[in-house]
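# Residue-level structural notes
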Amino acid sequence: MDIEKRKQLTALMKTRLNRPMRYYLDLCTRCGLCYDTCHVYQGIPKKEYSPVGRAEVVRRIYKKYFRPSGRLIPSWGDAKVIDDNSMNELLEAAFSCTGCRRCMVHCPFGIDTQHLMSMAKVLLIGNETAPEELVMLADSSVEKGKSIDEFKDGYREVIRDLEKEVAKHLGVTETDGLIPMEKKGADILFVGLAGAHSIVHPAVIFNKAKANWSLSFFEAVNFGAFLGDPEKMQFIANRVVNEAKALGVKEVVIVECGTAYRIPKFLIGPLPFKVSSIVEVIHRYIKEGKIKVKEKSIADSLTYHDPCHLLRGQGIREQPRELLWAVLRPENSGRVWEVHWPCHPGAAARRTPPLAGEEQA
Amino acid sequence: MWDSIYFFIMVPMVYIAFATLVIGIAFKFTIIFISPTIKGTIAVFPKGSVPKLCAVRDSFFMPSAFMKDKPFWVVIIAFHAAFLLLIIGHLELIREFAVIQVIPHEVFLGAGWVGIVLIVTTIYFLFRRFKTPWREISVPEDFIILLLLFLTFIFGSHMSLASRYGIAGFDIQVSEYREYLSSLFTTSPHVSRGILASPHYVIVALHVFFANLFMMMFPFSKMIHSVFMFAAQFIKRK
């Protein structure tokens, strides 16, 4: 790696040194309490996959360029220069972290490893060594945002097909308007995923509840966030924000994707509308009597595994339990709910390098 | 020559160390306050009914450590509680504080136990780092700081215990330390005659030397966690 590149990456690093980042880089005592709290470490018990191991990869580079001790006596804190080897370590660390933030709960200082990994991801993007498939997915989301008019007709066709499925569930013959789009003055803008299941079932519920809603042209998933590119994350989130503003909706409802919900809810600042998870909305409809369920109709017992983002990231704990208790006889999964293991495999396989992803799964 | 070295340690170096400590912490705070904040929140749930109070509770009692490793939690709490008493004890070596003497006690407080607890817990922290997986995540700084603390505590504890229980003919009394430390604060620094004349002067000088190093390292090492911990805990709950 040439000196110019190193300077460029150091400058990039400096731009990301916000307050939480500085705290997290400075105050870790390497007590090791987080060591085995990572589910990736549980699958692959190597130091590199422990939260502290990951954080140290970033911290050592930080020490080298931003701490006097790292500049003068690098061995004091194992400070490391930015080179190809350290970039490989960053890649391994950043993309084997699924961002479940379980380690943050166990850290006596509350260090957010996911936030630290955002620094690693920014450096990888700067070095043009971020995972190519994520770069492509984020770029295609950005491109869709830039030229949405070209996609609209094709998407409407797909949605017309889905309306037939919704009609079947509702037991009606008329399919028109069951999945409204671009509806000005709608109360709700619903943002689904690319899969039909994430649109059909919410559409059935919105229709049953007689909600004044509209479906977004965009998918909720934010590959900019997965990639760790703050600019792309913001752009991708803004697609929905701008759509919601244009329609004048009061509420944006996000499909049951934890990351997709967390970004507009908590990571991009205040918005002129409410942001809710579909789980919260279904719960609200039941409470308000807008939809009814066949109570205790399913005899099977089950264990509910809290999605880490929904639970730790958004604090949605009671609603899914109450929904399940309404229809099932569930066995609760434990008392200490905030330290649950993530339900990660899908996310992990997508976010980790191929080998680690397979081992992890 | 040794007299000059001892004097340097006991007077100019203390001022240098204290200035480094204060300026270093102020510098760290300045860096933090000129750094940008983040737009949203990276808190985790549950935030608690009164998030700020919960952050203070988390900082002082570390419930996450209790949940994860109870024996380790006991050691952490013992260490930090003893360290707090250590600071209070040193304040009483500067002058008398009526508020601290609400519970009447002999200076130095703790009857020697403060030092013993600190030594034992520091040894625990150090030896813990010799073991996997903590050995793998440790860096030289971790060992050096623990060694530095151990050396500071061992000499300080010796001074406290030997003085209180008259061990090994230790002849430096609390009044001698008070004269020396208060002189540092009243800008008329001198080492009291009792310390200068004592054959145990070297013990005092070594204790002060290691304490000086501790103060100088504090803002620029992981020991800064004791200052930033509250802010980080607040971010977790905000």
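Look above for the structure.
So, a few notes on the structure that sits alongside this text. Quick caveat, the model's predicted, so the values are computed rather than measured.

Across its full length, chain B carries 12 helices and zero strands. In chain B, the succession of α and β elements from N to C terminus is α-α-α-α-α-α-α-α-α-α-α-α. Relative to its full complement of 238 residues, chain B shows a buried share of 46%. In chain B, 72% of the contacts between residues at least 6 apart in sequence involve partners at least 24 apart. Working note: accessible area of chain B is about 12,000 Å², and carbon and sulfur atoms make up 76% of it. Each charge class in chain B was averaged separately, 19 positive and 12 negative side chains, and the resulting centres sit 18 Å apart.

To continue, consider the side chain of Ser183(B). Residues and elements named next belong to chain B. Turning to its location among the elements, Ser 183 is positioned in helix α9 (residues 174-185). At 2.6 Å, the side chain of Ser 183 and the backbone oxygen of Tyr 180 are in polar contact. Once you skip the residues sitting within four places of it in the chain, Ser 183 turns out to touch Tyr 15, Ser 188, Pro 189 and His 190.

Residue and element names in this part refer to chain A. There is about 810 Å³ of room inside the second largest pocket. His 115, Ser 118, Pro 230, Met 233 and Leu 267 are the residues nearest the centre of the second largest pocket, which is lined by 34 residues in total. For the lining of the second largest pocket, the elements supplying multiple residues, two or more each, are α8 (113-126), α12 (223-227), α13 (230-247) and α14 (258-267). With seven residues, α8 is the single largest residue contributor to the lining of the second largest pocket. Per-class residue counts for the lining of the second largest pocket are 13 nonpolar, 13 polar and eight charged.

Let us look at the pairing of strand β4 (residues 274-277) of chain A. In summary, the side chains of a regular strand alternate between the two faces of the sheet. All names here are of chain A. Here strand β3 (residues 251-254) pairs with β4 via four bridges, running parallel. By the bridge assignment for β4, Val 252 is matched with Val 275. Each parallel crossover has a hand, and the one from β3 via α14 to β4 is right-handed.

All right, on to the sheet that holds strand β2 (residues 213-215) of chain A then. Residue and element names in this part refer to chain A. Taking strand neighbours across the sheet as the criterion, the four strands line up as β2-β1-β3-β4 in an open arrangement whose pairing is parallel. Unpaired on one side and paired on the other, β2 and β4 mark the two borders of the sheet. On average, each strand axis in the sheet is inclined to that of its neighbour by 25°, with strand direction left out of account. Where helix α15 (residues 278-287) meets the sheet, it contacts β1 (188-191), β3 and β4, and its direction lies at approximately 85° from that of β4.

Another aspect to go through is the nonpolar core. It is characteristic of soluble globular proteins that their nonpolar side chains tend to be buried jointly. Ranked by size, the top nonpolar core spans 116 residues in total, and within it Tyr24(A), Leu90(A), Met10(B), Tyr180(B) and Ile195(B) carry the most contacts. If you tally residues by element for this core, the top one is helix α5 (residues 70-94) of chain B, at 10 residues. Excluding its chain neighbours within four sequence positions, the residues that come into contact with Met10(B) are Tyr180(B), Leu184(B), Val191(B), Ile195(B), Tyr201(B), Val204(B), Ala205(B) and Val208(B). Ranked by size, the runner-up nonpolar core spans 55 residues in total, among them Ile148(A), Ala244(A), Ile282(A) and Ile291(A).

Residue and element names in this part refer to chain B. A grouping of Val 56, Phe 60, Phe 61 and Phe 230 is seen on the molecular surface, where their side chains present a nonpolar patch of about 390 Å² in accessible area. The greatest single-element share of the nonpolar patch, amounting to three residues, is contributed by helix α3 (residues 51-61). Mapped onto the elements, Phe 230 comes out in helix α12 (residues 225-237).

With respect to the helices, strands and loops of the structure, Thr20(B) is situated in helix α2 (residues 12-34). Since its relative accessible area comes to 22%, Thr20(B) is described here as partly exposed.

On to unusual backbone geometry, then. Working note: non-glycine residues mostly have negative phi, and peptide bonds are mostly trans. The omega torsion across Phe45(B) and Pro46(B) is 0°, close enough to zero to call that bond cis. Looking at the element boundaries, Pro46(B) is found in the loop between α2 and α3. Residue Phe108(B) is reached from Val107(B) by a cis peptide bond, and omega for that bond is 0°. Looking at the secondary structure, you find Phe108(B) in the loop between α5 and α6 (113-128). Phi is positive for Arg30(A), close to 55°, though the residue is something other than glycine. By the element assignment, Arg30(A) lies in the loop between α2 (19-27) and α3 (39-43). In this structure Arg30(A) comes out as buried when scored by relative accessible area, which is 2%.

The rules behind the values
Think of each chain on its own: its residues are numbered from 1, step by step along the sequence as written. Both sets of labels track the order of writing: A upward for chains, 1 upward for ligands. pLDDT decides what is reported in this predicted model: residues at 70 or higher carry local features, side-chain atom pairs at 80 or more are listed and counted, and totals for whole chains, interfaces and linings draw on all residues regardless. Values shown for side chains rest on all heavy atoms present in the structure; no hydrogens or waters enter the calculation. Think of it this way: any DSSP run of H or I at least four residues long counts as a helix, any run of E at least two long counts as a strand, and we number them from the N terminus. Only protein chains enter the accessibility calculation, which uses a 1.4 Å probe. A residue is then buried if its area is under 20% of the maximum for its type, exposed if over 50%, and partly exposed in between. For this analysis, residues touch if any pair of their heavy atoms sits within 4.5 Å. Method for areas: the Shrake-Rupley scheme with a 1.4 Å probe, in which residue coverage is limited to the protein chains shown. We treat Lys and Arg as the positive residues and Asp and Glu as the negative residues; His and chain ends play no part in the count. By convention, charge coordinates are those of NZ in Lys, CZ in Arg, CG in Asp, or CD in Glu. Within 3.5 Å is the distance limit for a polar contact, defined as a pair of N or O atoms, with the added protein rule that one can donate a hydrogen and the other accept it, and that residues adjacent in sequence qualify only through two side-chain atoms. Here the term cavity refers to a set of points on a 1 Å grid, laid over the protein atoms alone, in which a 1.4 Å probe fits but cannot get out; the term pocket refers to an open set having protein on both sides within 12 Å along at least five of seven lines, with lining residues being those that place an atom within 4 Å of a point. Grid points are joined across faces, edges and corners, and a volume is the space filled by probe spheres set on the points. Ten residues, namely Ala, Val, Leu, Ile, Met, Phe, Trp, Tyr, Cys and Pro, are considered nonpolar, four, namely Asp, Glu, Lys and Arg, are considered charged, and the remaining ones, Gly among them, are considered polar. A pair of strands is treated as paired once DSSP finds two or more bridges between them. Here a crossover is taken to be right-handed if, once the strands point away from the viewer, the path from the first strand over the helix to the second is traced clockwise. Every angle, taken between N-to-C directions, lies between 0 and 180 degrees, and every axis is a line fitted to C-alpha atoms, over only the stretch in contact when it is a helix. Residue types Ala, Val, Leu, Ile, Met, Phe, Trp, Tyr and Cys, when buried and joined through side-chain atoms within 4.5 Å, form a set referred to as a nonpolar core. To count toward a patch, a residue needs a relative accessible area above 30% and no salt bridge. Like charges then connect within 9 Å, nonpolar side chains (Val, Leu, Ile, Met, Phe, Trp, Tyr) within 5 Å. Note on definitions: salt bridges are taken to be side-chain nitrogens of Lys or Arg within 4 Å of carboxyl oxygens of Asp or Glu.

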